[in-house]
Amino acid sequence: MSKYTESVYREVLSQRQINDSSFAQGIQEFLFSCGGNTSVVPSKSYFRFEIGIFSNRPGTTQPRLADGVAPADNICATLYNNVQVYAGGRQVSQIVNGVPQASSLKKRLLKSGAWLEQTGKDAYLSSAHYSHRAKYVSSDSQMSSLSDNHKQVPLSNVPGAQRSPTVAISGDAVSSPGTLGDVTGVNTTFLAQAEIGDTLVVNGFRFQVAEITDNLTMKVIPAPTDDIVATNNAYIVRQEPRAAEGRNKFYVLWQPPVGFFDMSDPLPAGDYRVSMNPAQNYKKAALESLYGAPGDTIGDTDFDVQVLGVQMYLYTAKMSLPMELKEMLFEQNIQSKPFTTSSNTLNFTIPSSTKAISIWFQSDDVGYNPLIPATMFKTFSNPFGSGNTPYLSLESIQLTYANTSKPSTRWSSTYNQTTSELQQRWRDAYADAGTLVSAGGCESYEDWLTRGAVYHFDFSRSADDSSTELQVSANFNIALGSGASMFVCAWYTRVAEFVSRDGSIQSVESRVA
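An account of the accompanying structure is given in this report.

### Let's talk about the environment of Gly270
With respect to the secondary-structure elements, Gly270 resides in strand 17 (residues 270-278). Residues Gly270 and Ser466, 196 residues apart in the sequence, show an inter-C-alpha distance of 33 Å. If sequence neighbours within four positions are ignored, Gly270 has contacts with Phe32, Ser33, Cys34, Gly503, Ser504 and Ile505.

Listed below in structure tokens is the structure:
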């Protein structure tokens, strides 16, 4: 239930046309106003994107699972380089660079586990697992055995005769690859009950349905090495995809990762503007692919991402508008420095009002090579193709900022093929983020590893401490290799003050505090 009366969502269009051919052609600006007795609540507002994913360019063909492509996790964030918000012509909130990473951090650290598994996955396409996102857009997702979601189908749909059907399969003594086995049924109704791609289970052995001739005959692959005599110990298993899967054109929602969209109070009367700078390489940045190598980006004809429309939906409500508003905004400052060895100490200069710091390690190829989208905090294996995960092989890490070192004890951890000892780092990150003991839980350990580890530390302190120098020391069991960097996100505060008179904003002050 809303606490506001007569609340509605109002659609706002960009000041210029946005479609696939024009998406990256300049800044996208969305203008809106508050006035009279109607205001806007930013935290309840969002953007809606209409997106198409194709296996060729220009896009005409829906992907198959074999094409090895999926929309990137949190796909909308990969479409932009920076976002700025203005009130009365003055800037009040911004993210200068690293929009994909900043958006990923806000969802992973600040949203509950329940939100990530439900609203985040289905409305914002924020899913850690490639297989889920690939099935979301692939035409043959119903033939996949990637999930446990399936149903059992009897051999006949004739009431009263569903216990009597039998099947026999002709064998192939040579058992050459690709040989089809002939299935002969008695009292079966294959045309109604079976679909190509289903699994026929006979005496516990599994065969895939390849052809259906009529109600009594069909072909399966592979053929058994010997004949299977007629038996009633048989049934069909059909994968049952989610109703939302298997469609490559879809809506997805997004909130830009700027403090303005955290504001839950209604805005004063006046004019506002959201300005977003699109990424020129968005057709590659918005994908995750199984194919490629470091430095080997997808070709210009391999896949296509089409942004078919972008609209802003403002949450508006009738109320008495405030004449003045003072808000504390949490913004993100993202920096990176090369980290290619197994051990290094790096120094960063961060805003003086920093209250928390997030650290992760990521390939410099993100945004250009869909093997690692920018919303995944990963590096390539070292050497490439070895299957190791150097970005998870952290042995120790320690941050020194504002005369405080965290963790206070530089304890060790291990992650390799036989050992998983990052649970404490996962637990401590979400304890400092404040979501570990929330009612909805936090991001799972499995998803934390799958997306790539992020190490988050709370540095709340008195307002009179204006420290800006940060030192980070980290050791890995495996060198990260060329083209890898340490990323730092400083979560800092800004005070935004709005003063409105006679239906327009008279003054705006936004300062680090």
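### Some remarks on the pattern of salt bridges
Applying the stated rule across the entire model yields 18 salt bridges. Residue Arg273 pairs with Glu29 through a salt bridge whose shortest N-O separation is 2.9 Å. Taken together, the positions of Arg273 in strand 17 and Glu29 in strand 2 (residues 28-34) put the pair 244 residues apart, joining distant regions of the chain. Given the relative accessible area of 22%, Arg273 is considered partly exposed. Taking the relative accessible area as the measure of exposure, Glu29 reaches 26% and is therefore partly exposed.

### Observations regarding the side chain of Ser353
Locating Ser353 in the fold gives a position in the loop between strand 21 (343-349) and strand 22 (354-363). A polar contact of 2.9 Å, which involves the side chain of Ser353, links it to the backbone oxygen of Thr493. When neighbours within four sequence positions are excluded, Ser353 is seen to be in contact with Trp491, Tyr492, Thr493, Val512 and Ala513.

### Observations regarding helix 7 (residues 423-433)
All buried positions along helix 7 are accounted for by Arg425, Trp426, Ala429, Tyr430 and Ala433. For helix 7, the angular spread of the buried residues around the axis is 125°, confining them to a single face. In this structure, the buried side of helix 7 is in contact with helix 1 (99-110), strand 23 (394-401), helix 8 (445-451) and strand 25 (455-458). In the segment just after helix 7, Gly434 is the residue with positive phi, at about 90°.

### Here we look at the nonpolar core
Generally speaking, soluble globular proteins have nonpolar side chains that are buried together. Phe32, Phe49, Val274, Ile359, Trp448 and Met486 are the most contacted members of the largest nonpolar core, which has 108 residues in total. Setting aside anything within four residues of it in sequence, one finds Met486 in contact with Gln335, Ser336, Lys337, Phe339, Leu346, Phe348, Ile359, Trp360, Phe361, Val472 and Ala474.

### Looking at the environment of Thr225
As for its position among the elements, Thr225 is in the loop between strand 13 (217-221) and strand 14 (228-231). When the C-alpha positions of Thr225 and Gly171 are compared, they lie 5.1 Å apart, and in sequence the two are 54 residues distant.

### Regarding the packing of aromatic side chains
Applying the stated criterion across every chain yields a total of 25 aromatic pairs. With centroids separated by 6.2 Å and ring planes inclined at 65°, the aromatic side chains of Phe49 and Trp254 adopt a geometry described as edge-to-face. Residue Phe49 is found in strand 4 (residues 46-54), and its partner Trp254 is found in strand 16 (residues 249-254); the two are separated by 205 residues along the sequence. A relative accessible area of 0% means that Phe49 is categorised as buried. Relative to Phe476, the ring of Phe339 lies with its centre 5.7 Å away and its plane at 70°, an arrangement referred to as edge-to-face. Taken together, the residues span a long stretch of sequence, with Phe339 in the loop between strand 20 (324-338) and strand 21 and Phe476 in strand 26 (residues 469-476) at a distance of 137 residues. Of the two residues, Phe339 and Phe476, both sit in the buried class. Put simply, the rings of Phe23, Phe49, Tyr80, Trp254 and Tyr282 touch in pairs and so form one group of aromatic residues.

What counts and how
- Residues numbered from 1 in each chain as written.
- Predicted model: local features only at pLDDT ≥ 70, side-chain atom pairs only at ≥ 80, totals over all residues.
- Heavy atoms only, no water.
- Helix = DSSP H or I, 4+ residues; strand = E, 2+ residues; numbered from the N terminus.
- Contact = heavy atoms within 4.5 Å.
- Salt bridge = Lys/Arg side-chain N within 4 Å of Asp/Glu carboxyl O.
- Buried < 20%, exposed > 50% of the residue type's maximum accessible area, 1.4 Å probe, protein only.
- Polar contact = N/O pair within 3.5 Å; in protein donor to acceptor, adjacent residues only side chain to side chain.
- Arc of directions from axis to C-beta.
- Core = buried A, V, L, I, M, F, W, Y, C linked by side-chain atoms within 4.5 Å.
- Phe/Tyr/Trp six-rings, centres within 6.5 Å; stacked < 30°, edge-to-face > 60°.

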